[in-house]
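Chains, contacts and geometry: an overview
Listed below, chain by chain, are the residues.
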Amino acid sequence: MLHTFPKILSAENSVSECNETTDGEACCHSNFRTSIGGQALIEGILMRGPEKQAIVCRTQDGLIEKIDNLKFSKTSHSSWNIPFLRGIVIFIDSMVNGVRALSYSANLLPEDEQESENKFDLWIENHFTEEKSQKVITYTAVILGVLLAVLLFTFLPTLLAGLFSGIREQYFLRNLVEGGFRIVIFLLYIIIISKMKDMKRVFSYHGAEHKTIFCYEHGKQLTVENIRLESRFHPRCGTSFLFVVIIISILVNSIVTLSNTFARFGIHLLLIPVVVGISYEINRWCGGHDNLLSKILSAPGKWMQHFTTNEPDDSMIECAIRALQLVLPSTKGADAW
């Protein structure tokens, strides 16, 4: 359903402290970790809880929110509870939902700010119903996104390393060189994206999402004033996950002992689900622990958040507060990590 909220959220509308109310109550101690996660959108935020997800976007008419019950959750599908397999399932599901949310937020922009539809989108809309056309466009975007990621972070590093004839059959060294190229390409990609004018506001919403979740986990009132003081660097961020994926891919791909570049690329493709499954479990473990090892494992991803998050303004924080409130579970503690 779709609602508009022309007025901004004030402290009086915010979440109360622990033991005062269950609306937004995280926990009465600072070690609580929520499974609620989010994604920055175009002038908005997607928050996903254990029971539902919410999109909240800021428009000229105020805040617009869209709430959906989760059709695919750990309570409805057993695969969510199977280690390693759940990482693959959650990754795919998150990509699909993320693309849908981005498309929804883009459509809320004023017409003069929206990009004109390309011929492919127009052809889809002319040959399918509105509901089916949205699905086709969404899944096409997901497939193209996966292909781009495979090209940049799997094929290109394998190809570049293969150009060094002296290491073609020195498999351990070749794998390290491939991993080095993979890290450099990833860093350049993130840094270039962070410099784009339009992405700076998206990354500010990303910062608002992190700060709001931190505030909730610390059991504080969800007010703009409290959230401003929180860190924008969260250990369970998707940026951290992607960095872990790259590191794990270096370790997993070390078993490949083929010299032919295209044969190596084919095996690397087959190993991607293994890499994603292991990476998810590591990220999940880091998110649930606070010790030296978890800090070391999450440090590179948190460092990368210097590029993928910016400090938000108050209007962005208000947007994040509302999105989080909408996905809080009906049973206290049901969102515990």
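To be clear, the structure that these remarks concern was listed above.
Residues numbered from 1 in each chain as written. Predicted model: local features only at pLDDT ≥ 70, side-chain atom pairs only at ≥ 80, totals over all residues. Heavy atoms only, no water.

Time to look at the packing of aromatic side chains. Enumeration over the complete set of coordinates arrives at 9 aromatic pairs. A ring pair is formed by phenylalanine 91 and phenylalanine 241, whose centres lie 6.1 Å apart and whose planes are at 40 degrees; its orientation type is tilted. Of the two residues, phenylalanine 91 sits in helix 1 (residues 85–107) while phenylalanine 241 sits in helix 7 (residues 238–252), which places them 150 residues apart along the sequence. Relative accessible area serves as the criterion here: at 31%, phenylalanine 91 is assigned to the partly exposed category. Through pairs of rings, three or more aromatic residues link up here, namely Phe153, Phe186, Tyr189 and Phe243. (Phe/Tyr/Trp six-rings, centres within 6.5 Å; stacked < 30°, edge-to-face > 60°. Helix = DSSP H or I, 4+ residues; strand = E, 2+ residues; numbered from the N terminus. Buried < 20%, exposed > 50% of the residue type's maximum accessible area, 1.4 Å probe, protein only.)

Below, the discussion takes up helix 8 (residues 261–288). Taking 1.5 Å of rise per residue, 28 residues should cover 40 Å, and helix 8 covers 39 Å from first to last C-alpha, within 8% of that figure. Of all bends in helix 8, the biggest is about 40 degrees, found at leucine 271, and the proline proline 273 comes one to four residues later. The N-terminus of helix 8 is capped by asparagine 260, whose side-chain oxygen sits 3.0 Å from the backbone nitrogen of phenylalanine 262. (Expected span 1.5 Å × (residues − 1). Bend = angle between axes of the 7 residues up to and from the residue. Polar contact = N/O pair within 3.5 Å; in protein donor to acceptor, adjacent residues only side chain to side chain.)

Time to look at a nonpolar patch on the surface. A contiguous nonpolar patch, built from Val184, Leu188, Ile192 and Met196 and spanning about 370 Å² of accessible area, is present on the exposed surface. By the element assignment, methionine 196 lies in the loop between helix 4 (171–195) and helix 5 (197–217). Under the relative-accessibility criterion, methionine 196 is labelled partly exposed at 41%. (Patch = residues over 30% accessible without salt bridge, like charges linked within 9 Å, V, L, I, M, F, W, Y side chains within 5 Å. Areas by Shrake-Rupley, 256 points an atom, 1.4 Å probe, with all protein chains shown as cover. Salt bridge = Lys/Arg side-chain N within 4 Å of Asp/Glu carboxyl O.)

Tallied over the entire structure, the rule returns 13 salt bridges. Lysine 220 is the salt-bridge partner of glutamate 230, the closest N and O atoms lying 3.0 Å from each other. On the criterion of sequence distance, the pair formed by glutamate 230 in the loop between helix 6 (224–228) and helix 7 and lysine 220 in the loop between helix 5 and helix 6 is long-range, its members being 10 residues apart. Among the residues examined, lysine 220 registers a relative accessible area of 31% and is labelled partly exposed. Ionic pairing is found between glutamate 311 and arginine 232, a salt bridge with its closest N-O pair at 3.5 Å. Highlighted residues: glutamate 311 in the loop between helix 9 (292–308) and helix 10 (314–327) and arginine 232 in the loop between helix 6 and helix 7, separated in sequence by 79 residues. The exposure class of glutamate 311 is partly exposed, given its relative accessible area of 46%. The structure contains a network of salt bridges with shared partners spanning Arg174, Glu178 and Arg264.

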